[in-house]
Each structure stands twice: as structure tokens, then as C-alpha cells.
Amino acid sequence: MDERTSEAWCAKLGAGGAKPAPSCAIVIFGMGGDLTRRLLIPALYNLSCWGLLPDGIAIVGVGHSDIGIDELCTQLEAGIRAFSGNAGFNRAAWDRIARNLDYIKGEFEDPATYRELAKRLSTKTKDTGENVLFYLAVAEKFFAPVVLRLADVGLTRAEHGWRRVIVEKPFGHDVASARALNRTLLSVLSEDQIYRIDHFLGKETVQNILVVRFANGFFEPIWNRDHIDHVQITVAETVGVEQRGAFYEPTGALRDMVPNHLFQLLSLTAMEPPIALDANAVRSRKQDVLKTVRPFTEDDARRYAVRAQYDAGVSAGKPVKGYRDEARVNPHSTTETYCALSVLIDNWRWAGVPFYLRTGKRLTRRQTEIAIAFKRAPHLVFDDGPVGATTTNWLVLHLQPDEGMSLHFDAKVPGPAVRLGNVHMDFLYKDYFHVAPSTGYETLVYDCMIGDQMLFQGAESIEAAWSIVQPIADVWSEDREKGLVRYSAGSPGPLEADKLLESEGRHWRPLDRNE
Ligand code: BG6
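What this report covers is the structure whose coordinates are included nearby. Values in this document were obtained by computation on a predicted structure and should not be read as measured data.

About the cut-offs
- Residues numbered from 1 in each chain as written.
- Predicted model: local features only at pLDDT ≥ 70, side-chain atom pairs only at ≥ 80, totals over all residues.
- Heavy atoms only, no water.
- Axes fitted to C-alpha atoms, helices over the stretch in contact; angles between N-to-C directions.
- Helix = DSSP H or I, 4+ residues; strand = E, 2+ residues; numbered from the N terminus.
- Parallel < 35°, antiparallel > 145°, perpendicular 65-115°, else oblique.
- Left-handed = near helix turned anticlockwise from the far one by under 90°.
- Contact = heavy atoms within 4.5 Å.
- Nonpolar A, V, L, I, M, F, W, Y, C, P; charged D, E, K, R; others polar.
- Pairing = 2+ DSSP bridges.
- Phe/Tyr/Trp six-rings, centres within 6.5 Å; stacked < 30°, edge-to-face > 60°.
- Buried < 20%, exposed > 50% of the residue type's maximum accessible area, 1.4 Å probe, protein only.
- Lys NZ or Arg CZ within 6 Å of the ring centre and 35° of its normal.
- Polar contact = N/O pair within 3.5 Å; in protein donor to acceptor, adjacent residues only side chain to side chain.

1. What about the packing of helix H11 (residues 252–270) against helix H16 (residues 459–479)?
Any two packed helices are characterised by how steeply their axes cross, that is the angle between the axes, and by the distance between the axes. At a closest axis distance of 10 Å, the pairing of H11 and H16 adopts a crossing angle of 155 degrees. One way to sum up the angle between H11 and H16 is to call them roughly antiparallel. Seen from above, H11 lies across H16 with right-handed handedness. On H16, the residues that touch Leu254, Arg255, Val258, Pro259 and Phe263 of H11 are Ala465, Trp466, Ile468, Val469, Ile472, Ala473 and Trp476. Looking at the contact of H11 with H16 residue by residue, the class counts come to 11 nonpolar, no polar and one charged.

2. Remarks on the sheet that holds strand S14 (residues 394–400)
An order of S16-S15-S14-S13-S7-S12-S11-S8-S17 is seen for the nine strands of this open sheet, with the pairing classed as mixed. With partners counted over all chains shown, the strands left at the sheet margins are strand S16 (420–428) and strand S17 (484–488), one partner each. Strand-to-strand, the axes of this sheet are offset by a mean angle of 20 degrees, without reference to chain direction. Relative to S17, strand S8 (residues 305–311) is paired through five bridges, and the arrangement is parallel.

3. Quick look at the packing of aromatic side chains
In this description, a pair of aromatic rings is defined by centroid distance and the angle of the planes. Summed over all chains, the structure comprises 17 aromatic pairs. The interplanar angle of 80 degrees and the centroid separation of 4.9 Å between the aromatic rings of Tyr195 and Phe456 together place this pair among those described as edge-to-face. Of this pair, Tyr195 sits in strand S6 (residues 194–196) while Phe456 sits in the loop between helix H15 (442–450) and H16, placing them 261 residues apart in sequence. Relative accessible area serves as the criterion here: at 1%, Tyr195 is assigned to the buried category. A relative accessible area of 1% means that Phe456 is categorised as buried. Taking the centre distance of 6.0 Å and the plane angle of 70 degrees together, the rings of Phe219 and Trp223 count as edge-to-face. Each member of the pair, Phe219 as well as Trp223, carries the same accessibility label: buried. One aromatic cluster is present, built from ring pairs that chain together Tyr248, Tyr310, Tyr323, Tyr338 and Tyr487. The positively charged end of Arg81 is found above the aromatic ring belonging to Phe89, 4.1 Å away from the centroid.

4. Points about the pairing of S14
When a strand is regular, its side chains alternate between the sheet's two faces. Counting buried positions along S14 yields seven of seven residues, so the element is predominantly enclosed. Where strand S13 (residues 367–374) and S14 come together, six bridges link them in antiparallel fashion. Within S14, the position partnered with Ala373 by the bridge is Trp394. Counted between consecutive antiparallel strands, the loop separating S14 from strand S15 (residues 404–412) contains three residues.

5. Here we look at the side chain of Thr439
Mapping Thr439 onto the fold places it in the loop between helix H14 (429–432) and H15. At 3.1 Å, the side chain of Thr439 and the backbone nitrogen of Tyr441 are in polar contact. Residue contacts for Thr439: discarding those within four places in its chain leaves Arg38, Leu39, Pro42, Ala43, Asn46, Phe83 and Ser84.

6. Quick word on the sheet that holds strand S2 (residues 57–63)
Reading across from one edge, S3-S2-S1-S4-S5-S6 is the order of the six strands in this open sheet, with parallel pairing throughout. Here the strands that pair on one side only, and so sit at the sheet edges, are strand S3 (101–105) and S6. For this sheet the average axis-to-axis angle between neighbouring strands, irrespective of direction, equals 20 degrees. Sheet analysis places strand S4 (residues 132–136) next to strand S5 (residues 163–167), joined by five bridges and oriented parallel. Looking across to S5, one finds that Leu133 is bridged to Arg164.

This is how it looks when you write it as C-alpha cells:
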């Protein structure tokens, strides 16, 4: 595709009806990092393609490396070509970013960095006004120091504009550290200035859960304990820990995935209808779900939570290492790379309906889905007779990789005899909609620029989520090797996770979309 065609194509994608964000400066702490190169700058570029960046924009990177602006641009452009999801390259869209780019080399804890930043920002207000978005694409240990130093030089307040801070994951590593971080941030910022990101909420299909549930009349009447037998939420990955051993070793699957991504999926699935589609209404309904999750006792943590670690195996046809042989991992590590939980929600809608959650690395297939299992028909005239047994009716929301939905039900097999056959009715996003290539960060960055916190997490829900997993994490760190089971890389996970459901007469859906 040549550059002109690509520009037209980008313009056509547009973000139907959305307006460009208000003028602002975006300051990215961690300009030299992977997140910036792979996701943030490509997301800003896509927003530029869609006409959603403001005319008055400045982008100021802050990082450790001693790099000139030209070299930085070359690196970022290469990142866009590799990661924006677009087949072509829109020169004009990139130029809008490149010509407004500035860079400060500095340490994140050095006050001089912030004095320089304040000076540079003051030269840009003619174009950007006083609005500034600070993006903390840095290691967790810098979240508090960066925000406190911004406050020291007066950058967290503006008389004629807004100041907002996007904080990346992980937001704390347990209840105490999440609380402490909230306390520190809230000592210099107000809650409406803090945008705690969970990138799952940037995924179209995750946002679609709200639309499926609340824009369609036929789901709501059956979306409760009277009709739903149980819910399975799966985030299965084929990748191992890759180069992230140093981060993953003290973290593990539970902390890395459950209080954030899996609980987001859980709360969107289980929440009550919000009174309006705005940040406060949606966030408080989601928070209600987390507050009503039944707390795990020590005994529950051993009975209803499974943890496992991958051994060597075969993934995508190639032999791969076991976790303990991965780089920067302790050879005697007891860190889990897989976990499965059975969660109960003690409220009117969900009493007695288990939500089974599982996530793991190096599994058979990349598959993120929410599967709703409906109760059997009340009177089984067909059951187990010569016509064949009835099967579970499933509604499955496929979030990755084949975005869509499917409905599984029984139908009569054609022919003179009455025989039952199981039917899968599929809706794939790509068959119905033009899916614009994106990194998943576009919506989140744009929402922050327009001041919409709906897709970000509030302080209380972060703490509520950590409180749920804390007793499990405590038991696991006490038990160490005891109770840690093993699975082969490339397998669907440990047998113990199967037993968790089998003991309640249920089975995981196979890790294979076309089962
Ligand atoms: C991140 C976790 O938050 O989410 C990773 O730290 C995980 O371990 C990733 O691989 C999964 O996100 P996605 O978008 O690839 O499904």
C-alpha cells in the first residue's frame, strides 16, 4: 500500500462521531521503554490517523537515555510500523506527532528533571493551553516518586486547565501496598485526576460486554441464578514468561492477572445495570460485585484455588523450557504460572452460582472468553433416551483471539428419526464490522484526554480486588512447594484444576474454540 492510499484508508476508519480531544500536552515518563514504543506511540499515531488528536498538542518524553530527537523519531517510527496494526504508514499522521515531540533526559527521582519539565511545559501553553496528561509508563517503584515530584514543582495543579495522571499496572502487589499507593497519590491529586489503567478495558470486546448485556432485551431476564448454572472465565496464553522473569518471579499468575484483568471480566459480567452510562454509575456497580465476592478463608484458599507451574513441553510444535529454566527465574521457584479459582458472589442475583476463573501461561491455546452455562430445561423429555442426551446451553463471549459470540444449543438432526445434535451459532466481529487495527490503548488515552474515567479503576475497587486475593496469596506464600502442582507446557493446565469443577459435577470448556 502506498502512503497516499494508506492516508485515505486511515481517514475512512475514523472513530464514528468522536471529536478530536481538547488541546493538551502529553508527558510520557519512560519514553525509552517497551510500552511506549509498542503501545503508546502507536496508539497516539492511530488516534492521529483517525483525526482524534487535537491540533494543539505537545508530546514530551522523559527517559534515562541520552538520545537526540531525530534518533528518537526514527526509533518511534519503526515502532509504529511494527506495532500500530496498520498495514500502511500514514506519513501525515506521524508528522503531526513527530513535529510536536520533545525529549528530556533525566532521572525519575531527581528534582532537576521536574524543574526542566516545568520550564519546557511553560513554553508550550500557547498551543496546548494548561492541560497536561502525565503517563507513567515506568516501573511500579517510580509511581509515587514521580507524582510527588510533579506536585513539588506545582505541575499537578493548573488554574486554567486540567492535570491528569495515567498510572500503569501493577497498582500495588497486595492490599497494603495498593492502599499505601492510593494514599500517596491522593495526598497530592484528587480521585478525578487519577486514571488507573487496566489494558483489558481498552479491548473492544471487553467493552462490548456492557453493550451485549444492556442494549439487548433478551439477556437481562435470564441473567441470574434462576437460569444460569455457572460461569467460566478463561484467560489462557501460549506464551511463557518471555523476558519478564525478574518481574514475574515475585508476582506469579494470581497477582499478575486476577485482581485486575479477570476481576474486570467478572465484574462486567456480574454487575447490576448502571443507572447511566457514566463513570460513577458504571464503576460503582462494578465495585458492588467485588464487595460481595465471598471472602476466602484459609481452608477455602486450599480447597477452591489451584496453583500450578509449567514444566518443559511442546508449544506450537516446538520444544520449550520449563518455568524454572527460564531466564531470571529461581531454579527452585514456587511461583505459580497458572491458577484457577472458584468464586462465589453473595448477592441476590448470583447466590449459589459459581464463577470459575482460570488463567495460565504456556497453555494449549490463546483463548480469552467468558462462558455462561445455562441450567438444563426443567423437564427433560429427551434426556438420555435413544435420541441422545441434551447438552449444556452455552453463551460464550469470545474476547481473544476470534472476537465474537457463540450460542450452543440442541437441535433436531434432520431425518425421520428424532435425534438431538448440538449446534454452535457463531457471530464473529470481523464478519459484521470493519475492525480498525489498533493497539487497545487508543480508547484509554483518548478517554483520559476527554476526562472520561469509565474505563479506569477507582481507588476502592483496586483495594477491594486485592482484598479478595490476599488470603489466597498469603496461604500460597506460606505453603510454598506444598500444593503447587505441575503441568506440561503446551497442555490445557493441571488435572487439579479439572478436579475443582468435577467435584461440583462440572467441566471446563476445552481450550479449543472448535471443540
Ligand atoms: C499483562 C500481564 O497485564 O497482560 C501479562 O502482565 C499478560 O503477563 C498480559 O501476558 C495479557 O494481555 P493480552 O492483552 O496479551 O491478553
